[in-house]
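# An overview of the molecular structure
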Amino acid sequence: MKGFLAGFTCCEMRKMKKLLFGLLSILISGCTGYPKNINPVKDFDLDRYLGRWYEIARLDHSFERGLEKVTADYSLREDGSVQVINRGFSTANQSWKEAEGRARFVREADEGYLKVSFFGPFYGSYVVFELDEANYQYAFVAGPNTSYLWLLSRTPEPDDDIINRFVKKAEVLGFPVDELIFVNHE
């Protein structure tokens, strides 16, 4: 490697360092965007959002594949970030699976736009784009693109009206609603 670098001028080395730093920054923060047609909710109140949520519907992805009875518990950490504990029952293994993460606001604390990490410095978007503002009983959540979508509820069996609203809105926004998984909580 030393011989390889010896052929570069000081100016070229600085440019290479900037390029590598830029690429690393993109890799670390590249998953904190969100679909262009999604808008995070305003007047978001983290204190009201904390607590247990039941996952009602989701798009499939490897880290929750095959899980039922999925819940997400949010609590405030001493450093001001949010502790996230996702838990679900694997029917294949007949055992509970749990993942602990940390969430932080991307911009302002009154906007439903957070980034969540379960793997060190790598974050993914958590964008609340619809919320029951009166009682915080349901939330529509997206990730960095239209491959990530969740319907969360404070109860394992929300009203059919909420589920239908979620599916219709998600379809209008370009999510593949025909691929939704409705989570069993029995």
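Residues numbered from 1 in each chain as written. Predicted model: local features only at pLDDT ≥ 70, side-chain atom pairs only at ≥ 80, totals over all residues. Heavy atoms only, no water.

## What about the overall build of the chain?
What counts, and what does not: Starting at the N terminus, helices and strands are each numbered in turn, a helix being any DSSP run of H or I of at least four residues and a strand any DSSP run of E of at least two. For every residue, the accessible area (1.4 Å probe, protein chains only) is compared with the maximum for its type, and the residue is labelled buried under 20%, exposed over 50%, or partly exposed between those bounds. Contact definition: two residues touch when any of their heavy atoms are within 4.5 Å. Here the Shrake-Rupley method, with its probe set to 1.4 Å, supplies the accessible areas, and only the displayed protein chains count as covering residues.
Tallying secondary structure elements over the chain gives 4 helices and 9 strands in all. Counting the 186 residues in the chain, one finds 37% classified as buried. Nonlocal contacts in the chain, meaning residues at least 24 apart in sequence, comprise 53% of its contacts between residues at least 6 apart. Only carbon and sulfur atoms are counted for the fraction: they give 54% of the accessible area of the chain, which is about 11,100 Å².

## Things to note about the pattern of salt bridges
Inclusion rule: Every case where a carboxyl oxygen of Asp or Glu lies within 4 Å of a side-chain nitrogen of Lys or Arg is listed as a salt bridge.
Under the counting rule described, the total for this entry stands at 11 salt bridges. Note that Glu111 and Lys42 form a salt bridge whose closest N and O atoms lie 3.1 Å from each other. Linking Glu111 in the loop between strand E4 (95–105) and strand E5 (113–119) with Lys42 in the loop between helix H2 (10–29) and helix H3 (46–49), this pair joins segments that are 69 residues apart in sequence. For Glu111, a relative accessible area of 5% corresponds to the buried category.

## Some points on the environment of Ala103
Relative to the assigned elements, Ala103 resides in strand E4. Of the residues examined, Ala103 reaches a relative accessible area of 4% and is grouped as buried. Taking the C-alpha atoms as reference, Ala103 lies 10.0 Å from Tyr113; in sequence the two are 10 residues apart. Contacts of Ala103, omitting those with residues within four sequence positions, involve Ser81, Val82, Val84, Leu114, Lys115 and Val116.

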